[in-house]
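Overview (structure and organization)
What follows is each chain in one-letter form.
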Amino acid sequence: MAGQDPTLSTNHPFYDVARHGILQVAGDDRQGRRIFTFSCCRLPPSHQLNHQRLLEYKKNLKALYVVHPTSFIKALWNIFKPLISHKFGKKVTYCSTLRELREHLQCDQLLIPQEVVRYDEKLQNLHKGQLPPPTKTPPPRPPLPTQQFGVSLQYLKDKNQGELIPPVLRWTVTYLREKGLRTEGLFRRSASAQTVRQVQRLYDQGKPVNFDDYGDMHVPAVILKTFLRELPQPLLTFQAYEQILGITSVESSLRVTHCRLILQSLPEHNYTVLRYLMGFLHEVSQESISNKMTSSNLACVFGLNLIWPSQGVASLSALVPLNLFTELLIEYYDKVFSTQEAPGEHTQNTVEVEQAAPVTKRFTPTGTPRASPYLPRLRVP
């Protein structure tokens, strides 16, 4: 909102819409799809807003959740339902309370206006005694020894014989590098939510996963994004968030150097994983003629999967520097992660295993594919 965001200029072409805070980016859903919140309670009188310009924000919706629908809205829906396509009708879900919305989305990442929260409390008070009793939250369970999602990099390292690159990250990257580099819309398109949850369970239980069985190259791509998004702390760390936001104020010719300076503050483990991931995304961008995923497109997908604030969610204005920083890491990978590092930068030697033959179809959570098709080759960064 204009009153809260000093970077939103009155000269911005959509300032007249943005100043009301009607639309906000609210992170990703469980399938990795971007969420936008539309707060009807913030709509001003009709003469204060160009509604035609507001409609320019419309997106190709995968799902639409209507919270606190009035009887009038429901009646209108029933009247016009025959005129609306069946496909779109299946995308609409009504949620009478925020509790119902939590069954579908992670509400802690949503920018819910206080007016809506107060109204929700009012509804609950009116229907007190009629709502089902709140379910008891089971005590948190310790992660499995083979857990891959929702655990820290340190936990993964300890459970995988000191391996710095998390197994699920290495397996998905290996598979995509071998078979998916030219897949159009790689990382941009979604996959079956049920399939993604199934693959997550297999990985967490230490069971083998054969991506060929699913016949969809977007499944491993979504798994990779999900792994990053479910890390307890972002790969770029909370501490680097404010530094990254300042990238837009740095002169263009100095931005790559500035990126290198920011990465100096990363823990060694985070730096190693980030370098491995960015190296792969750089390869993906080199095939953009086929996959349509340039470094800029990849940055839009991965920006909020690599870094997010410790409190709340990233504002709309924060997306620009976050995506720009990510794009620089991908586009100028060789320079940002140059082996000629300045004093104080990461100088650890790493051993990377690169492909020398086609990968096998089945990857096991032991850290290596069955009938290992790799030949080791040392690389000293």
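Residues numbered from 1 in each chain as written. Predicted model: local features only at pLDDT ≥ 70, side-chain atom pairs only at ≥ 80, totals over all residues. Heavy atoms only, no water.

1. Focus on the confidence of the model for the protein
Scored by pLDDT, the protein has a mean of 78; 70% of the residues are at 70 or more. The low-confidence segment residues 340-381 (pLDDT under 50) makes 85 contacts with residues lying over four places distant or belonging to another chain. (pLDDT = per-residue confidence, 0-100. Contact = heavy atoms within 4.5 Å.)

2. Details of the pattern of salt bridges
When their charged atoms lie close together, side chains carrying opposite charge are able to pair. The final tally for this structure, using the stated rule, is 5 salt bridges. Between Glu163 and Arg170 there is a salt bridge, and its shortest N-O distance comes to 3.0 Å. Classification of Glu163 as partly exposed rests on a relative accessible area of 32%. A salt bridge links Arg189 to Glu184, with the shortest nitrogen-to-oxygen separation between them at 3.8 Å. When its relative accessible area of 43% is taken as the criterion, Arg189 is described as partly exposed. In this structure Glu184 comes out as partly exposed when scored by relative accessible area, which is 41%. (Salt bridge = Lys/Arg side-chain N within 4 Å of Asp/Glu carboxyl O. Buried < 20%, exposed > 50% of the residue type's maximum accessible area, 1.4 Å probe, protein only.)

3. Section: helix α9 (residues 193-204)
Its 12 residues place the ends of α9 16 Å apart at the C-alpha level, agreeing with the 16 Å of an ideal helix rising 1.5 Å per residue. Among the residues of α9, Thr195, Val196, Val199, Gln200, Leu202, Tyr203 and Asp204 are the ones counted as buried. Check the buried side of α9 and you find it contacts α8 (167-179) and α10 (218-229). At the C-terminal side of α9, Gly206 shows a positive phi close to 75°. (Helix = DSSP H or I, 4+ residues; strand = E, 2+ residues; numbered from the N terminus. Expected span 1.5 Å × (residues − 1).)

4. Side note on the packing of α8 against helix α13 (residues 268-286)
Viewed as axis vectors pointing N to C, α8 and α13 meet at an angle of 15°, and their least axial separation amounts to 11 Å. When the axes of α8 and α13 are compared, the pair comes out roughly parallel. Remark: the crossing between α8 and α13 carries left-handed chirality. Mapping the contact onto sequence places Leu169, Arg170, Val173, Thr174, Leu176 and Arg177 in α8 and Val273, Tyr276, Leu277, Phe280 and Glu283 in α13. For the contact of α8 with α13, the residue count by class is 7 nonpolar, 1 polar and 3 charged. (Axes fitted to C-alpha atoms, helices over the stretch in contact; angles between N-to-C directions. Parallel < 35°, antiparallel > 145°, perpendicular 65-115°, else oblique. Left-handed = near helix turned anticlockwise from the far one by under 90°. Nonpolar A, V, L, I, M, F, W, Y, C, P; charged D, E, K, R; others polar.)

5. What to know about the side chain of Gln148
As for its placement among the helices and strands, Gln148 is situated in the loop between α6 (114-126) and α7 (153-159). Here Thr146 takes part through its backbone oxygen, which lies 3.4 Å from a polar atom of the side chain of Gln148. When sequence neighbours within four positions are dropped, the list of residues in contact with Gln148 reads Leu156, Asn160, Pro167, Val168, Tyr203, Asp204 and Phe227. (Polar contact = N/O pair within 3.5 Å; in protein donor to acceptor, adjacent residues only side chain to side chain.)

6. Structural notes on unusual backbone geometry
Positive phi is not limited to glycine here, since Phe187 has a value of about 75°. The backbone phi angle of Thr237 is positive, close to 70°, even though this residue is not glycine.

7. A few points about the environment of Arg99
Within the fold, Arg99 resides in helix α5 (residues 98-102). Each C-alpha atom, one on Arg99 and one on Asp120, is 9.1 Å from the other, the two residues being 21 residues apart in sequence.

8. Structural notes on the nonpolar core
Counting residues in each nonpolar core, the largest one holds 71 residues, and the members touching the most others are Phe187, Leu263 and Met278. Top element by residues in this core is α13. It accounts for 9 residues. Not counting the four nearest positions on each side in its chain, Met278 is found in contact with Leu306, Leu329, Ile330, Tyr333 and Phe337. The next biggest cluster of nonpolar side chains, apart from the first, holds 7 residues, and it includes Ile35, Cys95, Leu98 and Leu101. (Core = buried A, V, L, I, M, F, W, Y, C linked by side-chain atoms within 4.5 Å.)

9. Considering helix α16 (residues 316-331)
In this model, α16 (16 residues) spans 23 Å end to end at C-alpha, consistent with the 22 Å of a helix rising 1.5 Å per residue. Restricting attention to buried positions, one finds in α16 the residues Ala318, Leu319, Pro321, Leu322, Asn323, Leu324, Phe325, Thr326, Leu328, Leu329 and Ile330.

10. A word on the packing of aromatic side chains
Applying the stated criterion to the full structure yields 8 aromatic pairs. Measuring from centroid to centroid gives 5.2 Å for Tyr175 and Phe211, while their planes differ by 55°, and the two rings are tilted. Residue Tyr175 is located in helix α8, and its partner Phe211 is located in the loop between α9 and α10; the two are separated by 36 residues in the primary sequence. For the pair formed by Tyr175 and Phe211, the shared burial category is buried. The interplanar angle of 55° and the centroid separation of 5.7 Å between the aromatic rings of Tyr271 and Phe337 together place this pair among those described as tilted. With a gap of 66 residues between them, Tyr271 in helix α13 and Phe337 in the loop between α17 (333-336) and β5 (353-355) connect regions that are remote in the sequence. Residue classification places Tyr271 among the buried residues on the basis of a relative accessible area of 3%. On the basis of relative accessibility, which here comes to 3%, the residue Phe337 falls in the buried class. By the ring-pair criterion, three or more aromatic residues cluster together here, those being Trp171, Tyr175, Tyr203 and Phe211. (Phe/Tyr/Trp six-rings, centres within 6.5 Å; stacked < 30°, edge-to-face > 60°.)

11. With respect to the packing of helix α15 (residues 295-306) against α16
At a closest axis distance of 8 Å, the pairing of α15 and α16 adopts a crossing angle of 120°. The interaxial crossing formed by α15 with α16 has right-handed handedness. Of the residues in α16, those touching α15 at Ser295, Ser296, Leu298, Ala299, Cys300, Phe302, Gly303, Leu304 and Leu306 are Leu319, Leu322, Asn323, Thr326, Glu327, Ile330 and Glu331. Its residues assigned to classes, the contact of α15 with α16 comprises 9 nonpolar, 5 polar and 2 charged.

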